[in-house]
Protein chains: 4
Amino acid sequence: MKTQVDINCDLGESYGPFTVGNDSKVMPHITSANIACGYHAGDPNTISKTIKLAKSHNVAIGAHPGLPDLMGFGRREMQVTTEEATNYTIYQVSAIQGFAKAAGVSLQHVKPHGALYNMAAKDEKLSKAIVEASRILKDDLIIFAPPKSALAKASIRTGLRVANEFFADRAYDNDGSLVPRTQTDSIIQEPRKVVERAIRAVREGQVLSVKNETVELGELHTICVHGDTPAAARLVEVLRKGLATANIKVEPVSRFI
Amino acid sequence: MKTQVDINCDLGESYGPFTVGNDSKVMPHITSANIACGYHAGDPNTISKTIKLAKSHNVAIGAHPGLPDLMGFGRREMQVTTEEATNYTIYQVSAIQGFAKAAGVSLQHVKPHGALYNMAAKDEKLSKAIVEASRILKDDLIIFAPPKSALAKASIRTGLRVANEFFADRAYDNDGSLVPRTQTDSIIQEPRKVVERAIRAVREGQVLSVKNETVELGELHTICVHGDTPAAARLVEVLRKGLATANIKVEPVSRFI
Amino acid sequence: MKTQVDINCDLGESYGPFTVGNDSKVMPHITSANIACGYHAGDPNTISKTIKLAKSHNVAIGAHPGLPDLMGFGRREMQVTTEEATNYTIYQVSAIQGFAKAAGVSLQHVKPHGALYNMAAKDEKLSKAIVEASRILKDDLIIFAPPKSALAKASIRTGLRVANEFFADRAYDNDGSLVPRTQTDSIIQEPRKVVERAIRAVREGQVLSVKNETVELGELHTICVHGDTPAAARLVEVLRKGLATANIKVEPVSRFI
Amino acid sequence: MKTQVDINCDLGESYGPFTVGNDSKVMPHITSANIACGYHAGDPNTISKTIKLAKSHNVAIGAHPGLPDLMGFGRREMQVTTEEATNYTIYQVSAIQGFAKAAGVSLQHVKPHGALYNMAAKDEKLSKAIVEASRILKDDLIIFAPPKSALAKASIRTGLRVANEFFADRAYDNDGSLVPRTQTDSIIQEPRKVVERAIRAVREGQVLSVKNETVELGELHTICVHGDTPAAARLVEVLRKGLATANIKVEPVSRFI
C-alpha cells in the first residue's frame with residue numbers, strides 16, 4: 001500500500017497583465033508546480049516569479065509545454081508533426097531550465113499541457129517526440145502522464161521515470177478516461193468527496209467511475225489539482241490536510257519514485 | 001597588428017513557412033552564426049535546422065535575442081523595463097542553449113538583435129540586465145557589442161568577454177555610429193570596397209566615415225555581414241577570400257579573444 | 001454650465017480564456033464602451049460578446065485600437081511609422097465595425113489605447129494618421145482625446161468631433177497631465193472624492209492638481225472610469241448616482257456633442 | 001459550354017519584413033486576389049499595399065481568412081467551435097472591408113485559407129458559420145469553394161453565390177479531391193499541361209485524375225494559381241495567354257456569375 005503522493009498544479013499561467021490563477025494561495029499546499037512556458041500561457045516575467053515562488057515553498061518545478069495557441073490556451077487540438085513536437089518541446093522546456101538555473105533550482109519534471117497532453121496520451125509517435133526531446137535536455141526528468149497511456153509507455157521506453165497522475169476533482173469514465181469538461185458531472189466540487197477519492201486512489205489505485213463502477217488505475221504518484229478559483233485554492237488546502245490525516249506523506253514525486 | 005578576425009551573420013530568421021535569408025549559401029563562409037530566438041524571428045524548427053547547419057560547417061553559434069515584436073522584426077524601439085530585459089534574455093538564450101545541447105554544440109556568444117542592440121549600445125541599465133542574464137546561463141559567453149558602447153562596458157564589468165563588432169557593409173558617421181538605414185548612402189555594396197574597409201578595420205581599428213574622416217574604432221574582433229540577399233551571400237564569400245589573401249585568419253572569436 | 005456628460009470604460013479586454021475585468025458589472029452604469037480590438041487585448045469571441053452586452057444596456061460602442069503588443073497590453077511605447085499607425089487603425093477599427101454591424105449597432109467613437117493614446121496626445125503626425133484613418137471608415141465618428149491635446153486638434157482639423165476626456169479617479173499635475181501610475185498618489189480611490197471631482201470637472205472644467213492648484217481643463221464631455229476590479233465596478237455605480245443627484249444627465253456623448 | 005473564367009491567387013501573404021510571394025509579378029495576370037487577413041499571414045501594411053496594387057490592375061479583391069496560426073501559416077487543422085469560426089470570419093473579413101473602403105474598392109468574395117478551407121469543404125456546421133458571418137458583412141459576396149463541397153452547399157443555402165474553384169496546377173484523385181502536397185506527384189509543373197487542364201476544366205468541367213480517370217467536377221468559375229515562386233508567376237502569364245488563345249474570356253467572377 002502506497003503511503004506517499006505528490007500534489008501538482010498548473011501555475012504561472014498569467015500572460016503579461018492578463019492575470020490568471022491564484023498562484024500565491026495555491027503554492028503553499030502543493031509539492032510540484034507545472035510552469036507554463038510561453039506558448040499557451042506564461043510570459044518570461046511570470047515564469048521567473050513563479051519559479052522563485054515555488055522555490056520559497058520548497059515546491060519542485062516542472063515544465064508545462066503547450067501548443068502554440070495563446071488565444072485557445074493550448075486547449076484546442078492542432079495537427080503537429082513529430083518534428084514540430086520535438087522542437088516545441090526543446091524550445092519550451094529549455095526556456096524553463098534557464099529560469100530554473102537563474103533561481104538556483106533543478107527541473108524535476110515535464111508535463112505536456114492541455115490538448116498536447118490529451119493527444120500525447122493516445123499517440124505513440126507524438127509521445128516519443130516529446131519524451132526524447134525532454135531526455136536530451138535532462139536525462140533524469142520525470143514525465144507526468146495518465147497511467148497506462150502512450151505517454152507513460154514512451155517515457156519508460158526512453159528511460160525516463162513516469163509519475164502516474166490522478167485527477168482528484170475530475171470524474172472518470174469506466175475506461176479510465178476523464179469525463180469531458182463540457183459535461184455537467186465532469187467536476188467534483190465537494191471537498192470531502194475529493195479527499196476520499198484521493199485517499200482511495202493513492203492507497204488502492206482505484207476510483208469510482210461516474211457510472212458507479214470501480215476502475216483500476218494502477219499505482220498513482222501525483223494528484224493534479226486546479227488552482228484557478230478561490231474555491232479551488234481552498235480545496236487544495238483541505239486535500240493536503242486530509243492526506244496527512246490519512247498518514248499519506250505528501251512530497252515532491254522525485255523523492256519517492 | 002591583429003591578424004585574426006571572426007565573421008558573423010544573423011541567421012535562422014525564417015518563421016514557419018515565411019522564409020527569410022539564404023542561410024545555406026552564407027553558412028560556409030562565416031565563423032559565427034547569430035541564431036534568432038523566436039521573438040523577432042525564428043521558430044523552433046528553424047532554430048533546430050540552423051544550429052545543425054552551423055555545426056556541419058564548424059560555425060560557432062550565438063543567441064540573437066530580440067524584442068517581442070514579430071510584426072516589426074524587432075527593429076522598432078519599445079519601452080522595456082530592466083526586469084523585462086532580464087527575463088526576455090533568459091527566455092530566449094536558454095531556448096537556444098537547449099537546441100545547442102540537442103545538437104551537441106556549445107553556445108559561444110550572445111548578440112542582442114536590432115532595436116535591442118541599438119538601445120543596449122546606449123543604455124547602461126538595459127545592457128547590465130542583458131549581460132547579467134546571459135552570464136547566469138553560461139559564465140564564459142562572449143557578448144557581441146559596438147566598440148566602447150554601454151553594452152561593451154557592461155560586459156566587461158560583469159566579467160564576460162566582449163567581441164567588438166565592425167559592420168563591413170555599413171557606412172559610419174564621424175562619431176563612430178552607423179549611418180541609419182533610411183539614408184541612401186548607408187549601405188556599401190561594392191565588394192572591393194567592403195573588403196578594403198574590413199582589412200583596414202581589422203589591422204588598424206579604423207574606418208573612413210561617410211564624411212571622409214578617419215574614425216578610430218579601436219580593436220575589432222568580429223565583422224558583421226548581411227546574408228539576406230543573393231548578392232549579400234556572394235559578398236560574404238568575397239570578403240572571406242579577401243581577408244585570407246591579406247593574411248588575416250578568419251575563425252570563431254572564441255579561439256582568439 | 002454643462003449639465004450632461006458621458007461615462008466611458010475600457011471593456012472587452014479578455015483574451016481567450018484570459019479573463020480580465022468585470023464587464024457585466026460595469027456595463028449597466030456606463031454610457032460608452034471602448035472595445036479592445038485584438039492588438040493589445042480582445043479576441044473575436046470577446047469582441048462579439050462585449051458588443052452584444054453593450055447593446056443590451058443601450059451603451060454606445062467605440063473602437064479602442066492599441067499597439068500590437070499583447071504581452072505588454074499596449075502600455076509600452078513603441079516606434080511606429082505614420083503608415084503603420086494608419087494601417088493599424090484601419091485594421092482594428094474596421095474589425096470592430098464588422099461586429100457592430102453583426103450586432104445591429106453603429107460605431108460611435110474611437111479612443112486609442114494605452115501607449116498609443118499617450119503618444120498621440122503629444123504627436124501631431126501620429127494623431128493625424130489615426131484620425132484620418134478613422135474618418136475614412138466612418139465620417140461621423142467621435143474621437144476621445146485629452147482636452148487641448150495634439151489628438152484633439154488633429155480631430156478638429158480632420159472634421160471629426162472630439163469628446164474631451166476626464167479621468168475621475170486619476171490625479172492630475174499642474175500642467176493638466178496625469179500623474180504616472182508608477183507614483184503612489186496617482187489613483188484616487190475614495191468614492192466621495194471621485195464624485196466631487198467629476199461634478200466640478202463637468203460643471204466648471206476644472207480639477208484640483210496633486211499639488212493643490214486649480215487646473216483649467218476646459219469643456220469636458222466624457223469621464224473615463226476603470227472597471228477592472230470589484231471596487232472599481234462599485235465606484236462606477238456610485239459615480240453615476242452622484243452625477244444624477246447633481247442634476248448632471250449621463251448619456252452617450254453622441255447625443256449632446 | 002462556358003467561355004468565361006476567373007483566375008484567382010492568394011496574395012498579401014507577407015508579414016512585416018517577412019516577404020512572401022511575388023505579388024507585383026502575379027497581379028497583372030489574374031482577375032481576383034485573395035488577400036490574407038492577418039491570422040495566418042498578412043499585416044496591415046501588406047493588406048493596404050496589396051489592395052492598392054490589385055486596384056491598379058483592375059483585379060477584384062476577396063478576403064482570405066485563416067486559422068489563428070501564424071507559425072503554421074494556417075495550414076494545420078485546429079479544433080475550432082462554430083462560435084470561433086463565426087467570429088474569426090467577422091474579424092478578418094471586416095478588417096479587409098475597411099482597407100477596401102479606404103482604397104475605394106468593393107469586396108467581391110471570401111475564400112477561406114488553407115486548413116480552414118479544407119475543413120470547411122467537409123464540415124457543414126463550420127461552413128455555415130463562415131458563410132453566414134460573411135453574408136452579415138456584405139450580402140452580395142461570392143464564396144470560393146470546391147465544387148459540390150459542404151462549403152459550396154452552405155453558400156447556396158445561405159443565399160450567397162458560389163464560385164466553383166479549379167486548381168490548375170494540382171493533381172486530382174478519382175473522387176475529385178486534391179492529391180496531398182506531401183505526395184511527389186501532387187504538383188503539375190509543365191506549363192503546357194496546366195493550360196490544357198484549365199481549358200478542359202472550363203469547357204467541360206472535367207479533369208484527368210492522377211490515376212488517369214476522367215473526373216466530373218461540374219461547372220467551374222475560377223482557377224486558382226500559385227504565385228509564390230518566380231516559375232509560378234510565369235506560369236500564370238502562360239495560363240492567361242493560353243486561355244485567351246482558346247477564346248476563353250478571363251475576368252473577375254462577379255461579372256459572369
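Computed from a prediction, not measured in an experiment: that's the story for all the values here. (Residues numbered from 1 in each chain as written. Chains lettered and ligands numbered in written order. Predicted model: local features only at pLDDT ≥ 70, side-chain atom pairs only at ≥ 80, totals over all residues. Heavy atoms only, no water.)

1. Let's talk about the overall build of chain A
Step number 1: Looking only at helices and strands, chain A has eight helices and 10 strands in total.
Step number 2: At 17 Å, chain A has a C-alpha radius of gyration in line with the 18 Å of a compact globule built from 257 residues.
Step number 3: Oriented by its inertia axes, the alpha-carbon framework of chain A measures out at about 40 × 35 × 35 Å.
Step number 4: The 257 residues of chain A split such that 62% are buried.
Step number 5: Relative to all contacts within chain A whose residues are 6 or more apart in sequence, the contacts with residues 24 or more apart total 72%.
Step number 6: Carbon and sulfur atoms provide 48% of the accessible area of chain A, an area that totals close to 10,000 Å².
Step number 7: Computing the positive centroid from 31 side-chain charges and the negative centroid from 28, chain A places the two 5 Å apart. (Helix = DSSP H or I, 4+ residues; strand = E, 2+ residues; numbered from the N terminus. Rg over C-alpha atoms; globule rule 2.2 N^0.38 Å. Buried < 20%, exposed > 50% of the residue type's maximum accessible area, 1.4 Å probe, protein only. Contact = heavy atoms within 4.5 Å. Areas by Shrake-Rupley, 256 points an atom, 1.4 Å probe, with all protein chains shown as cover. Lys, Arg positive; Asp, Glu negative; His and termini not counted. Charge placed at Lys NZ, Arg CZ, Asp CG, Glu CD.)

2. Quick notes on the pairing of strand S4 (residues 107-110) of chain A
All names here are of chain A.
Step number 1: Relative to S4, strand S3 (residues 60-64) is paired through three bridges, and the arrangement is parallel. Across the sheet, residue Gly 62 finds its bridge partner in S4, namely His 109.
Step number 2: Considered for its hand, the β-α-β crossover made up of S3, helix H3 (residues 82-103) and S4 is right-handed. (Pairing = 2+ DSSP bridges. Right-handed = clockwise from strand over helix to strand, strands pointing away.)

3. Describing the interface of chain B and chain A
How big an interface is tends to be stated in terms of the accessible area lost upon association of its parts.
Step number 1: The interface of chain B with chain A comprises 22 residues on the first partner and 22 residues on the second.
Step number 2: Where chain B touches chain A, the interface holds zero salt bridges.
Step number 3: Counting every contact that joins chain B to chain A gives nine residue pairs in polar contact (both at pLDDT 80 or more).
Step number 4: Counting only elements with at least two residues in the side of chain B that touches chain A, the list comes to helix H2 (44-56), helix H3 (82-103) and helix H5 (124-137) of chain B. (Salt bridge = Lys/Arg side-chain N within 4 Å of Asp/Glu carboxyl O. Polar contact = N/O pair within 3.5 Å; in protein donor to acceptor, adjacent residues only side chain to side chain.)

4. Observations concerning the interface of chain D and chain C
Step number 1: Counting from both sides, the interface comprises 22 residues of chain D and, opposite them, 22 residues of chain C.
Step number 2: Across the interface of chain D and chain C, roughly 1,900 Å² is buried in total on both sides, 61% from carbon and sulfur atoms.
Step number 3: Contact with chain C buries area across many residues of chain D, yet Pro 44, Asn 45 and Tyr 91 of chain D alone supply 31% of it, more than any other trio.
Step number 4: Linking chain D to chain C there are zero salt bridges.
Step number 5: Across the contact surface, chain D and chain C share nine residue pairs in polar contact (both at pLDDT 80 or more).
Step number 6: Every element with two or more residues in the side of chain D that touches chain C is listed here: helix H2 (44-56), helix H3 (82-103) and helix H5 (124-137) of chain D. (Buried area = accessible area lost by both parts, 1.4 Å probe.)

5. Let's talk about the relation of the copies chain B and chain A
Taken together, a rotation about one axis and a shift along it account for how the two chain copies relate.
Step number 1: In screw terms, the move from chain B to chain A is a rotation of 180° and a rise of 0.0 Å along the axis, fitting with an RMSD of 0.0 Å. The superposition of one copy onto the other is thereby described by a two-fold rotation axis. For chain B, the smallest separation between a C-alpha atom and the rotation axis is recorded for Ala 95 of chain B, amounting to 2.3 Å.
Step number 2: Counting the interface residues of chain B, we find that 100% of their copies in chain A are interface residues as well, pointing to one common contact surface. (Least-squares fit on C-alpha atoms with pLDDT ≥ 70 in both.)

6. Looking at the environment of Leu 160 of chain D
Residue and element names in this part refer to chain D.
Step number 1: Within the fold, Leu 160 resides in the loop between helix H6 (150-158) and strand S6 (161-167).
Step number 2: Sequence-wise, Leu 160 and Met 78 are 82 residues apart; in three dimensions their C-alpha atoms are separated by 26 Å.
Step number 3: Discounting residues that sit within four places of it in the chain, Leu 160 has contacts with Val 131, Ser 134, Arg 135, Lys 138, Asp 139, Leu 141, Ile 143 and Ser 155.

7. Some thoughts on the packing of H2 of chain D against H3 of chain D
Residues and elements named next belong to chain D.
Step number 1: Where H2 contacts H3, the axes come no closer than 10 Å and their chain directions differ by 50°. Judged by the inter-axis angle, H2 sits oblique to H3. Our pair here, H2 against H3, has a crossing hand that is right-handed. From H2, Pro 44, Ile 47, Ser 48, Ile 51 and Lys 55 reach across to H3, where they touch Ile 96, Phe 99, Ala 100 and Ala 103.
Step number 2: Of the residues that constitute the contact of H2 with H3, the class distribution is seven nonpolar, one polar and one charged. (Axes fitted to C-alpha atoms, helices over the stretch in contact; angles between N-to-C directions. Parallel < 35°, antiparallel > 145°, perpendicular 65-115°, else oblique. Left-handed = near helix turned anticlockwise from the far one by under 90°. Nonpolar A, V, L, I, M, F, W, Y, C, P; charged D, E, K, R; others polar.)

8. Some words on helix H8 (residues 230-245) of chain B
What sets the pattern is the α-helix's 3.6 residues per turn: residues three or four places apart point alike.
All names here are of chain B.
Step number 1: For H8, with 16 residues, the first-to-last C-alpha span of 23 Å sits near the 22 Å given by 1.5 Å per residue.
Step number 2: All of the buried residues along H8 are Ala 232, Ala 233, Leu 235, Val 236, Leu 239, Gly 242 and Leu 243.
Step number 3: One or two positions beyond H8, positive phi appears at Asn 247, with a value near 60°. (Expected span 1.5 Å × (residues − 1).)

9. Focus: helix H4 (residues 114-122) of chain A
Step number 1: Along H4 of chain A, the residues that are buried comprise Ala 115, Leu 116, Tyr 117, Met 119, Ala 120 and Ala 121 of chain A.
Step number 2: The inward-facing, buried residues of H4 of chain A contact helix H5 (124-137), strand S5 (142-145), helix H6 (150-158) and strand S6 (161-167) of chain A.

10. A few points about the packing of aromatic side chains
Step number 1: In this structure the tally under the stated criterion is 28 aromatic pairs over all chains.
Step number 2: Ring geometry for Tyr 15 of chain B against Phe 18 of chain D: centres 6.3 Å apart, planes inclined by 50°, an arrangement best described as tilted. Note that Tyr 15 of chain B is positioned in the loop between strand S1 (4-11) and helix H1 (23-26) and Phe 18 of chain D in the loop between strand S1 (4-11) and helix H1 (23-26), a pairing that runs across two chains.
Step number 3: Taken together, the ring pairs connect Tyr 15, Phe 18 and Phe 73 of chain A together with Tyr 15, Phe 18 and Phe 73 of chain C into an aromatic cluster.
Step number 4: Directly above the ring of Tyr 117 of chain A sits Lys 111 of chain A, whose terminal nitrogen or CZ lies 5.7 Å from the centroid. (Phe/Tyr/Trp six-rings, centres within 6.5 Å; stacked < 30°, edge-to-face > 60°. Lys NZ or Arg CZ within 6 Å of the ring centre and 35° of its normal.)

11. Remarks on the pairing of strand S1 (residues 4-11) of chain C
Residues and elements named next belong to chain C.
Step number 1: Burial of S1 is extensive: six of the eight residues sit out of reach of the surface.
Step number 2: Relative to strand S9 (residues 222-225), S1 runs parallel, the two sharing four bridges. The residue bridging Cys 9 from the neighbouring strand is Val 225, located in S9.
Step number 3: Two strands pair when backbone bridges link them, and S1 and strand S2 (residues 32-36) are joined in this way by four bridges, in the parallel orientation. Looking across to S2, one finds that Leu 11 is bridged to Ile 35.

12. A short note on the confidence of the model for chain A
Low pLDDT means the predicted coordinates in that region are not meant to be read closely.
Step number 1: Per-chain confidence: chain A averages 96 in pLDDT, with 100% of residues scoring 70 or above.
Step number 2: Model confidence for the complex: the whole-complex pTM is 0.97, and ipTM, which rates the interface, is 0.96. (pLDDT = per-residue confidence, 0-100.)

13. Side note on the nonpolar core
Step number 1: Grouped together as the largest cluster of nonpolar side chains are 348 residues, with contacts concentrated most on Ile 30 of chain A, Ile 30 of chain B, Ile 30 of chain C together with Ile 30 of chain D.
Step number 2: Not counting residues up to four positions away in its chain, the partners in contact with Ile 30 of chain C are Ile 7, Cys 9, Leu 11, Val 59, Val 225, Val 236 and Arg 240 of chain C. (Core = buried A, V, L, I, M, F, W, Y, C linked by side-chain atoms within 4.5 Å.)

14. Describing the environment of Met 27 of chain C
All names here are of chain C.
Step number 1: Its location among the elements puts Met 27 in the loop between helix H1 (23-26) and S2.
Step number 2: Residues Met 27 and Ala 152, 125 residues apart in the sequence, show an inter-C-alpha distance of 26 Å.
Step number 3: If we ignore the near neighbours within four places in the chain, the residues touching Met 27 are Leu 11, Ala 33, Thr 50, Leu 53, Ala 54, His 57 and Val 59.

15. Regarding the environment of Ser 14 of chain D
Residue and element names in this part refer to chain D.
Step number 1: With respect to the helices, strands and loops of the structure, Ser 14 is situated in the loop between S1 and H1.
Step number 2: Placed 31 residues apart in sequence, Ser 14 and Asn 45 show a C-alpha to C-alpha distance of 9.5 Å.
Step number 3: A polar atom in the side chain of Ser 14 sits 3.0 Å from the backbone nitrogen of Val 20.

16. Side note on unusual backbone geometry
Step number 1: The phi dihedral of Asn 212 of chain A falls on the positive side, at around 65°, and the residue is not glycine.
Step number 2: Asn 212 of chain A sits in the exposed class, given a relative accessible area of 61%.

17. Quick look at empty space enclosed by the protein
Step number 1: Under the definition given, this model contains four cavities of 30 Å³ or more.
Step number 2: Roughly 1,200 Å³ of internal volume is contained in the largest cavity.
Step number 3: The wall of the largest cavity is formed by 42 residues, among which Leu 70 of chain A, Tyr 15 and Leu 70 of chain B, Leu 70 of chain C together with Leu 70 of chain D lie closest to the centre.
Step number 4: Classifying every residue of the lining of the largest cavity gives 27 nonpolar, eight polar and seven charged. (1 Å grid on protein atoms, 1.4 Å probe; cavity = no way out; pocket = protein on both sides within 12 Å on 5 of 7 lines; lining within 4 Å. Points joined across faces, edges and corners; volume = space filled by probe spheres on them.)

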